[in-house]
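Structural overview for review
Listed here are the chains, written in short residue letters.
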Amino acid sequence: MDWLTAPFEVTFVQRALWGGMLVSAICALAGTWVVLRGMAFLGDAMSHGLLPGVALAALLGGNLLVGAVVSAAVMTAGVTALGRTPRLSQDTGIGLLFVGLLSLGVIIVSRSQSFAVDLTGFLFGDVLAVRQQDLYALGAALCAALAVSVLGHRAFLALTFDPRKAQTLGLRPRLAHAVQLGLLGLAIVASFHIVGTLLVLGLLIAPPAAALPWARGVRGVMALAALLGVTATFGGLLLSWHLGTAAGATVSALAVSLFFVSHALSALWHRCARPAPVPATEVP
């Protein structure tokens, strides 16, 4: 059993495991709504839209997390504002913001003679470099995500399944949408330095999507998604240690693999549970 426990006897791998577990819980809370509302493209756009703030913060010698928060806030405000434009579809607005912010980030990076921004770390993360203070920040982010999820659950639920009824009940769907975008931004900002922007969707989308065939209700999806995210984190770190692969990418790849396994097992279960057809009797 040494192969199973040996990696987690190392301090930095223990911190990586705790960091991945906290990120899995945050992503489960936000990612469930992303999956239910079909907002995967928005999540991808927001994750890449962090680049200008991160690049500028690195160029000025500031805190990268603060830069990411500013970019996420700009992206959230932009999506909310463009979503109210009647002649512009939401996908078009998201695409324009995505390309615009990503281009701005590349321009900022290109102006840096020393290339102060570590693009590899930004794109792919470094889960093994999680520090103790990062765990405290992730814990605070999880508390904030839990508070938003609990307080906004009723409005989020109505917005997801019946926006007109949400308006009728006075749940202010536009405000609920903006808060939901803020929750998504929080999850992405909290996760990008763990698994990177290119891989954050692995933990944001794959566990909730894998949980859908088995869970009953939104809360059940969130709970099972968090469990699957923790499983992917543990298994990804274990495989990364023994195979010598990139830890963040291995975690994300395992999360996506769990999605395919889940849906394959769900299809097999429904096929086996389906009652056999009753043969038609001959009518005299």
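Just so it is clear, the model here is predicted, and its values are computed rather than measured.

Cut-offs applied
- Residues numbered from 1 in each chain as written.
- Predicted model: local features only at pLDDT ≥ 70, side-chain atom pairs only at ≥ 80, totals over all residues.
- Heavy atoms only, no water.
- Helix = DSSP H or I, 4+ residues; strand = E, 2+ residues; numbered from the N terminus.
- Buried < 20%, exposed > 50% of the residue type's maximum accessible area, 1.4 Å probe, protein only.
- Polar contact = N/O pair within 3.5 Å; in protein donor to acceptor, adjacent residues only side chain to side chain.
- Contact = heavy atoms within 4.5 Å.
- Core = buried A, V, L, I, M, F, W, Y, C linked by side-chain atoms within 4.5 Å.
- 1 Å grid on protein atoms, 1.4 Å probe; cavity = no way out; pocket = protein on both sides within 12 Å on 5 of 7 lines; lining within 4 Å.
- Points joined across faces, edges and corners; volume = space filled by probe spheres on them.
- Salt bridge = Lys/Arg side-chain N within 4 Å of Asp/Glu carboxyl O.
- Phe/Tyr/Trp six-rings, centres within 6.5 Å; stacked < 30°, edge-to-face > 60°.

1. Points about the side chain of T76
Among the secondary structure elements, T76 is positioned in helix α5 (residues 64–82). Residue class for T76 comes out buried when judged on its relative accessible area of 13%. Of note is the side chain of T76, whose polar atom sits 2.8 Å from the backbone oxygen of A72. Residues contacting T76, with those up to four places away along its chain left out, are M46, A178, L181 and G182.

2. Brief notes about the nonpolar core
Judged by nonpolar contacts, the single largest core of 66 residues is most densely connected at I26, L42, L50 and L204. Per-element tally for this core: the top contributor is helix α2 (residues 11–37), with 12 residues. Apart from the residues within four sequence positions on either side, I26 is in contact with L138, A141, L142, A145, A187 and A190. Grouped together as the second largest cluster of nonpolar side chains are 8 residues, A210, A211, A215 and A226 included.

3. Details of the layout of surface pockets
Reported here for the second largest pocket is a volume of approximately 290 Å³. Around the second largest pocket, the lining comprises 13 residues; the ones closest to its centre are G83, R84, Q90, R174 and H177. At the level of secondary structure, the elements contributing two or more residues to the lining of the second largest pocket comprise α5 and α11 (173–195). Of the residues forming the lining of the second largest pocket, the biggest block, 3 residues, is contributed by α11.

4. Digging into the pattern of salt bridges
Tallying each qualifying case throughout the model produces 1 salt bridge. The partner of R131 in a salt bridge is D134, and the shortest N-O contact between them spans 3.3 Å. Since its relative accessible area comes to 45%, R131 is described here as partly exposed.

5. Some details on the packing of aromatic side chains
For the structure shown, the criterion picks out 4 aromatic pairs. Look at F41 and F98: their rings are 6.3 Å apart centre to centre, the planes differ by 75 degrees, and that puts the pair in the edge-to-face class. A residue pair is termed long-range when its members are at least 10 positions apart, and F41 in helix α3 (residues 40–48) and F98 in helix α6 (residues 90–110) qualify at 57 residues. On the basis of relative accessible area, F98 is assigned to the buried category, the value being 16%. On the numbers, 5.1 Å between centres and 65 degrees between planes, the contact of F259 with F260 is edge-to-face. Residue F259 is classed as partly exposed on the basis of its relative accessible area, which comes to 24%. Its relative accessible area of 54% is what places F260 among the exposed residues.

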